[in-house]
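Summary of structural features
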Amino acid sequence: MSEECVTIHKVIDSGFDSPSTISWCRKNDNHLPSNHTGLFAVGDTSGQVRVWCINVDNEITNISSLMVCTEKDLLLPNLISWQYQTDGDVYIMAVTKGSYLMVYMLQIVNNDIVILDKCIPATAHPMSIAGLSFRKNVILTSSTDGTVNKTAIKTLNSVLSTKTTPVKVTLNEKTPVKYHSIVLSANCIYIAIVTCCTDYITGEDSLEMNFVELQRMEDVIKDLYSIQGKLTKYLDALEYIRQKISAEMELCKEIQDLALGKVRGEDKKMSLRIQLFLMKLQLCLGKQTSVTKAIKMEVSEQTKRKDSLSTTNKQTTLSDEISSVEKKLINEHALEVVEKWRERKMSQGIVEIANEERKVILTMVDWLSQHGDEKTKDTVSAIYKDLKEEQLSELCRESCPLCQGTFSECNVKMMTCINGHKFGRCCLTLTLCTDLPSRKCRHCDAPANRLHSRHEGTFLEDLLHQPCTFCNGELL
């Protein structure tokens, strides 16, 4: 990095002779994505740790600080990790000193730092801690002797409580260990432990990597039931389920209930996406099972035909169910879009509506009138009234770009004209994909139209910026 790239906002005198570690926690507020307020910590070889309250966007002449570890016990604070909790507006700081873990609950009050509570978990490592990871109220520490501890954090009414349990890890005990590094996955399901081993005869270092599974299937399923927000935040949980199912070649009862839609989470759209994911997984699993049976089992031709017919029927039924869930997702998406459009039109007093926007809204309303339930009838009628239409007009009806023929067969992802020409259907606007090549979802290959300069400042700009309707994946 060149000197021209660096801007010095503030020089802070830590007051320490030999700083050993440094860490910063930004206030992670969804409502203020560019917020740079946070806490800044420095540890010293004397054993002390000081925390500063800073905001890199503002010129603050007096920056408040607080010495959170005051004892000069010469236990090196070599690792510091943070977690900001929106609920309660508190910062949780994990500090390792020697073989001990220390946890602090801090808060910024009138630009001053206040310690609400602190805790030292009872279970310490036999030797010094060399690895630290902190995510979603779970702290993982690894020691130079190869032991790993999992410490669960709970906060209630500004009070900290912890529970520490050992994690079983199998390491090479014959080779002397130089150090450990530990990484915790985003959803606290897996940990990766990297160990540097030294061969004292040759003097060479080698790396060993161990993956450890932290959560039980029941815990992961519970997370899936309460899933909210973007599906990409739960990739670890979905990958865990995928690997478990692939290894055991079957769906457990709890996952089956989720796949069949018997259990719904708080977010209906997200529950449908998880259901779709599990159904596709089950379909692939069925294909794998049938191939495995054909290769490994020697049965009579009659039995083979029965098994093949049974497998084909199951896969056909599952494919129909997948199509049904995809339709439900399109229904939810279309209803959400037209309601937002109507709310925007009324609040801004929009009278003139561009033809492209009118076409998209009418296409969605036409879909809802054909595939929606009783709840959507009032919305459909209201939109038609707003647009002064009684049905999808000829102006907005799609025609084949190649032969100008009408589309005789349309599903959620594909449109086929009377002469057999096939085109993708945009998963965001439900209109024909006229952009060639069109965008594709990186996960499920659902097509989508591209965003053009003519869409700037319009309702379609926001719509075409959305992720895939079916899986929340990125459109490329």
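Throughout this description, residue numbers start from 1 for each chain and increase along the sequence as written. Given that the model is predicted, a residue must reach a pLDDT of at least 70 before its local features are reported, and side-chain atom pairs must reach 80 or more before they are shown or counted; all residues, however, enter totals for whole chains, interfaces and linings. Water and hydrogen atoms were dropped before computing side-chain values, which therefore reflect all heavy atoms in the structure.

With that settled, the discussion passes to the overall build of the protein. Labels follow the DSSP assignment, with helices taken as runs of H or I lasting at least four residues and strands as runs of E lasting at least two, numbered in each case from the N terminus. When its secondary structure is counted, the protein shows 8 helices and 20 strands. Across the 476 residues of the protein, 43% fall into the buried class. Residue contacts are defined here by distance: any two heavy atoms, one from each residue, within 4.5 Å place the two residues in contact. For the protein, the proportion of contacts with a sequence separation of at least 24, taken over those separated by at least 6, is 52%. Relative accessible area decides the class of each residue, using a 1.4 Å probe on protein chains only: under 20% of the type maximum gives buried, over 50% gives exposed, and in between gives partly exposed.

If DSSP finds at least two bridges between two strands, the strands pair. Where strand S7 (residues 100–109) lies against strand S8 (residues 112–119), 7 bridges are found, and the strand directions are antiparallel. In the sheet register, Val109 faces S8, and the bridge partner there is Asp112. What sits between the antiparallel neighbours S7 and S8 is a turn of 2 residues, in which Asn110 has the positive phi angle 55 degrees.

We now examine the pairing of strand S11 (residues 148–156). Inspection of the sheet shows strand S10 (residues 138–143) paired to S11 by 5 bridges, in the antiparallel sense. The residue of S11 that forms the bridge with Leu140 is Lys150. Hairpin connection of S10 to S11: 4 residues between the antiparallel strands, including Gly146 at a positive phi of 95 degrees. Here S11 folds back onto strand S12 (residues 159–167), and the loop between the two strands holds 2 residues, one of which, Asn157, carries a positive phi near 50 degrees.

Within the chain, Asn137 stands out as a residue other than glycine whose phi angle is a positive 65 degrees. Relative to the helices and strands, Asn137 resides in the loop between strand S9 (129–135) and S10. The phi torsion at Gln404 lies on the positive side, around 65 degrees, for a residue other than glycine. Residue classification places Gln404 among the exposed residues on the basis of a relative accessible area of 54%.

pLDDT runs from 0 to 100 and stands for how confident the predictor is about each residue. The share of residues in the protein with pLDDT of 70 or more is 73%, and the mean pLDDT across the chain is 76. Averaged pLDDT values for the elements of the protein fall to 64 in helix H4 (residues 268–296) and rise to 92 in strand S20 (residues 447–448). Scored below 50 in pLDDT, residues 30–34 makes 2 contacts in the model with residues more than four places away or belonging to other chains.

A word on the sheet that holds S7. Within the open sheet, the 4 strands sit side by side as S5-S6-S7-S8. Their pairing is antiparallel. Both edges of this open sheet fall to strand S5 (77–85) and S8, since each of them pairs with a single strand only. Between one strand and the next, the sheet's axes are offset by a mean angle of 25 degrees, whatever the strand orientation. To define axes, lines are fitted to C-alpha atoms, for helices over the stretch in contact only, and angles between the resulting N-to-C directions are given on a 0 to 180 degree scale.

Our focus in this paragraph is the environment of Ser128. Considering the arrangement of structural elements, one finds Ser128 in the loop between S8 and S9. For the pair Ser128 and Asn78, spaced 50 residues apart in the sequence, the C-alpha separation amounts to 9.8 Å. Residue contacts for Ser128: discarding those within four places in its chain leaves Gly98, Ser99, Ser143 and Thr144.

Here Pro166 lies in strand S12. Taking C-alpha positions, Pro166 is 6.0 Å from Lys150, a pair spaced 16 residues apart along the chain. Setting aside anything within four residues of it in sequence, one finds Pro166 in contact with Val148 and Asn149.

Turning next to the packing of helix H6 (residues 355–371) against helix H7 (residues 377–386). Two elements in contact, H6 and H7, have axes separated by 10 Å at closest approach and are oriented at 150 degrees. Read as a crossing pair, H6 and H7 show a hand that is left-handed. Packed against H6, whose contacting residues are Ile361, Leu362, Val365, Asp366, Leu368 and Ser369, the element H7 presents Val380, Ile383 and Tyr384 at the interface. The sense of a crossing depends on the near helix, which, turned anticlockwise from the far helix by less than a right angle, makes the crossing left-handed and, turned clockwise, makes it right-handed.

A pair of Phe, Tyr and Trp rings is counted when the ring centres sit within 6.5 Å of each other, with Trp represented by its six-membered ring. The angle between the planes then sorts it: under 30 degrees is stacked, over 60 is edge-to-face, the rest tilted. If you walk through the whole model with that rule in mind, you get 3 aromatic pairs. Plain terms: the ring middles of Tyr84 and Tyr91 are 5.0 Å apart, the flat faces sit at 55 degrees to each other, and that makes the pair tilted. When its relative accessible area of 1% is taken as the criterion, Tyr91 is described as buried. Considering the side-chain rings of Phe407 and Phe423, the 6.5 Å spacing of their centres and the 90 degrees angle between planes classify their relative orientation as edge-to-face. A residue pair is termed long-range when its members are at least 10 positions apart, and Phe407 in strand S16 (residues 407–410) and Phe423 in strand S18 (residues 422–424) qualify at 16 residues. The class of Phe423 is buried, set by a relative accessible area of 12%.

Bringing the nonpolar core into the picture now. With 44 residues, the main nonpolar core has Ile361, Met364, Cys427, Cys468 and Phe470 as its most contacted residues. Looking at this core, the elements with two or more residues in it are H4, helix H5 (301–348), H6, H7 and helix H8 (459–464). The leading source of residues in this core is H5, at 10 residues. Those residues within four positions of Phe470 in sequence are excluded, and the remaining contacts are Arg273, Leu276, Glu326, Leu329, Ile330, Val412, Lys413, Cys427, Cys444 and Ala446. Take the buried Ala, Val, Leu, Ile, Met, Phe, Trp, Tyr and Cys residues and link them wherever side-chain atoms come within 4.5 Å; each set so joined is a nonpolar core.

Before going further, it helps to spend a moment on H6. Each residue after the first adds 1.5 Å to the expected span of a helix. Taking 1.5 Å per residue as the helical rise, H6 with its 17 residues ought to reach 24 Å, and the 24 Å between its terminal C-alpha atoms agrees with that figure. Regarding H6, the residues found buried are Glu357, Arg358, Val360, Ile361, Leu362, Thr363, Met364, Val365, Asp366, Trp367 and Leu368.

With that settled, the discussion passes to the sheet that holds S16. Taking strand neighbours across the sheet as the criterion, the 3 strands line up as S16-S17-S18 in an open arrangement whose pairing is antiparallel. One side of each edge strand has no neighbouring strand; the edge strands of this open sheet are S16 and S18. Between one strand and the next, the sheet's axes are offset by a mean angle of 25 degrees, whatever the strand orientation. As paired elements, strand S17 (residues 414–417) and S18 share 3 bridges and run antiparallel to each other.

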